Amino acid sequence: MKNDFMVAINQVCHERQLPVEIVLEAVEVALVSAYKRNYGGNSVFAKIDQETGDLSIFAEKEVVEEVLDPKNEISLEDARQIDPDADYGDVVPVQESTPADFGRIAAQTTKQVILQRIREAERDALYRSYAEREGEIVNGTVQKVDQYQATLSLGKVEAYLPRSEQIPTERYVEGQRLRAYVAQVNKTPRGPQIIVSRTHRNFLRRLLEVEVPEIYNGTVEVKAIAREAGYRSKVAVAALQEGVDPVGSCVGMRGVRIQSIVNELNGEKIDVAEWSPLMTTFIANALSPAKVLNVILLDAITGDKTAMVVVPDKQLSLAIGKEGQNARLAAKLTGWRIDIKSAMEAAKEALARASASEEIKARVSGRPEVFSLVSAILSEREDGSELSGGELNLLGEAIELVMQAELAIAREKQEAERAARLQAIAEQSADLLAEAEAILTGAPAEEAESETEAETESEAEAEPDVEAEVVAETETTPQTEVEPVAEADTAVEAEVETPDIAEVAEPVAEEPEVLPAEEPVLPAEEGELTSVLDSVVKPKKTKKKAKKRLKAMVVEDEDELGLDELVGGKKKPKPKRRAPKLDDTLHRVTGKRRPKGEDDWDELDELEY
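The model shown is predicted, which means the values in this text are computed figures rather than measured ones.

Caption draft 1: Looking closely at the overall build of the protein chain. When you go through the protein chain residue by residue, the secondary structure sums to 24 helices and 17 strands. Counting all 609 residues of the protein chain, 34% fall into the buried class. Of all intrachain contacts in the protein chain linking residues separated by at least 6 positions in sequence, the fraction that spans at least 24 positions is 62%. Accessible surface, the protein chain: about 37200 Å² in total, of which carbon and sulfur atoms supply 50%.

Okay, structure coming up:
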């Protein structure tokens, strides 16, 4: 049999509308907190028997050999009385005896913890219940009204209706009953914060579901809603079951269903239009109650979602609405930009465009009688008299023909531009593929080599032969500056022109030559020897490229111009040597012998002149 403690817990759960488990958990936490505050202990937990209501407090103690802290440790013998499988190091829950002198402070602490936990559980339950109702309609009573918001009482919780979510034409008083749409539910430390709205378009959707059973059952579907709260709304509906009138179902017999929604919204006008997958029909229905003659989609011309709507002259103000409200709501409902024109204005513009463009004229040439009749109607109705139904149909047909011709021309231009772009992309892709294939096969290297050879040949033709000019200068050096030598000198010249020198100069002739920029000034004997060597070692024309020939360094003094360079044609590091001298008594060249391998003077030192 349950004791008084469980009876009290059940009563609290019923009043607070909370589960029993949550309240029992709060009581257990409160008991543990009070026990620790008075008696200490590290690991303590409480347990309540739901059948009898008995309270038990358990302390987890570690099994040790020697007990030093009785509150947290227990011996092995005592532990095995509770758990026969206990061993050293295990943790065993030990039931503590409920103290008789629990004390007033401990009881007060337990009460505070229990109340706090119950309040937290109540707030969590309220938040969960209203979070699930987000997007639904709630009924409340106006509790407080100020300049920023109105506070609605929903029973156990309050909801806030901000100024931005209030219908501009409504005025609220305390105690007034209101329906509102739950727009947002936030969790705060003080409980759930509920934001409601009366201007949201889904508020109108929920009202339609309440008042129209076909919408609630799914027979009729609400496709789109455009709303200006407090003034006017448009609703697009479609029937999901064949044989059902969606507009009639929403309006009801004699407008009873829609009128109740209008009353709830404080006189807001509601237009119900039938949704259609064909956009021209849907736009015409969205502009109701105005009558529409033509709807032409200009997306092919303008590039965006724009539609031109032609209405009778008498219906123009009705189609536009007060301050453009009807056209604006129709544009929001359909998602298209709507350009509304009267029949007379649109017909005049169509005839002017047809007469100005030869392409349009050629495309509408099959119906000349229509345009002749339209011209006659326009001339007759210039005074602003009302057009008949047949005349309106003729104007609409002429406007349709011209607009369709313009659309066809625009589409053809777009197709041509698209084809040109595709062709350009294809050509570019082909070029890239050709380049990639040429890179893989090595063609670019051959092309580059051929281009380099052509460039070298053109430069060789354009530039004079530098070697020939330098050789010509050396050959035309004035010989009057050199004193005439004896017959022995002539013999030296004869000996110099030997095959040995030719053999030394022959293989090096193809290398780039280093030629002097100007003739060095030497004494008579040295100048005579230089002229002899120049006459022996003559520059040989090669077929090397001009760019490589011009890379040779031109030296300007005697130290930089060595005989080994004239013979070998290569510029080597400057060695430490003496210039050769001609001994008049011995009639031969004397000079210091160089180490073998350093240059080609080995053979020249042995020659006798």
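Don't stop here, the text continues.
Caption draft 2: The arrangement of the packing of helix α15 (residues 368-380) against helix α16 (residues 389-441) in detail. Two elements in contact, α15 and α16, have axes whose closest approach is 9 Å; the angle formed by their N-to-C orientations is 125°. By the angle between their axes, α15 is oblique relative to α16. Considering how the two elements wind past one another, α15 and α16 form a crossing that is left-handed. In this structure, α15 uses Val370, Phe371, Leu373, Val374, Ile377 and Leu378 to contact α16, whose residues at the interface are Glu391, Leu394, Leu395, Glu397, Ala398, Leu401 and Val402. Residues that form the contact of α15 with α16 fall into these classes: 11 nonpolar, no polar and 2 charged.

Caption draft 3: Representation of the pattern of salt bridges in the model. The final tally for this structure, using the stated rule, is 19 salt bridges. When the shortest N-O distance is used, the salt bridge between Arg198 and Glu264 registers 3.4 Å. Here Glu264 lies in helix α8 (residues 256-264) and Arg198 lies in the loop between β9 (191-197) and α5 (201-211), a separation of 66 residues in the sequence. One salt bridge in this structure joins Glu358 and Lys361, with 3.9 Å as the shortest N-O distance. Of this pair, Glu358 and Lys361 both sit in helix α14 (residues 358-363), 3 residues apart, roughly one helical turn. Judged by its relative accessible area of 57%, Glu358 falls in the exposed class.

The rules behind these values
Every chain is numbered independently, its residues counted from 1 as its sequence is written. Predicted model: local features are reported for residues with pLDDT of at least 70 only, side-chain atom pairs are reported and counted for 80 or more only, and whole-chain, interface and lining totals are derived from all residues. Each side-chain value is worked out from all heavy atoms of the structure, with water and hydrogens disregarded. Helix and strand assignments come from DSSP, with helices taken as H or I runs of at least 4 residues and strands as E runs of at least 2, each series counted from the N terminus. Throughout this description, buried means an accessible area under 20% of the type-specific maximum (1.4 Å probe, protein chains only), exposed means over 50%, and partly exposed covers the range between. For this analysis, residues touch if any pair of their heavy atoms sits within 4.5 Å. Note on areas: Shrake-Rupley with a 1.4 Å probe; residue coverage comes only from the protein chains shown. Here the axes come from fitting lines to C-alpha atoms, over the contacting stretch only for helices, and the angles between their N-to-C directions go from 0 to 180 degrees. Any angle that is under 35 degrees is reported as roughly parallel, and any over 145 degrees as roughly antiparallel; angles of 65 to 115 degrees are reported as roughly perpendicular and all others as oblique. Take the far helix as the reference: if the near one is turned anticlockwise from it by less than a right angle, the crossing is left-handed, and if turned clockwise, right-handed. Any residue that is not Ala, Val, Leu, Ile, Met, Phe, Trp, Tyr, Cys, Pro, Asp, Glu, Lys or Arg is counted as polar, Gly included; the first ten are nonpolar and the last four charged. In what follows, salt bridge is the name for a side-chain nitrogen of Lys or Arg lying within 4 Å of a carboxyl oxygen of Asp or Glu.

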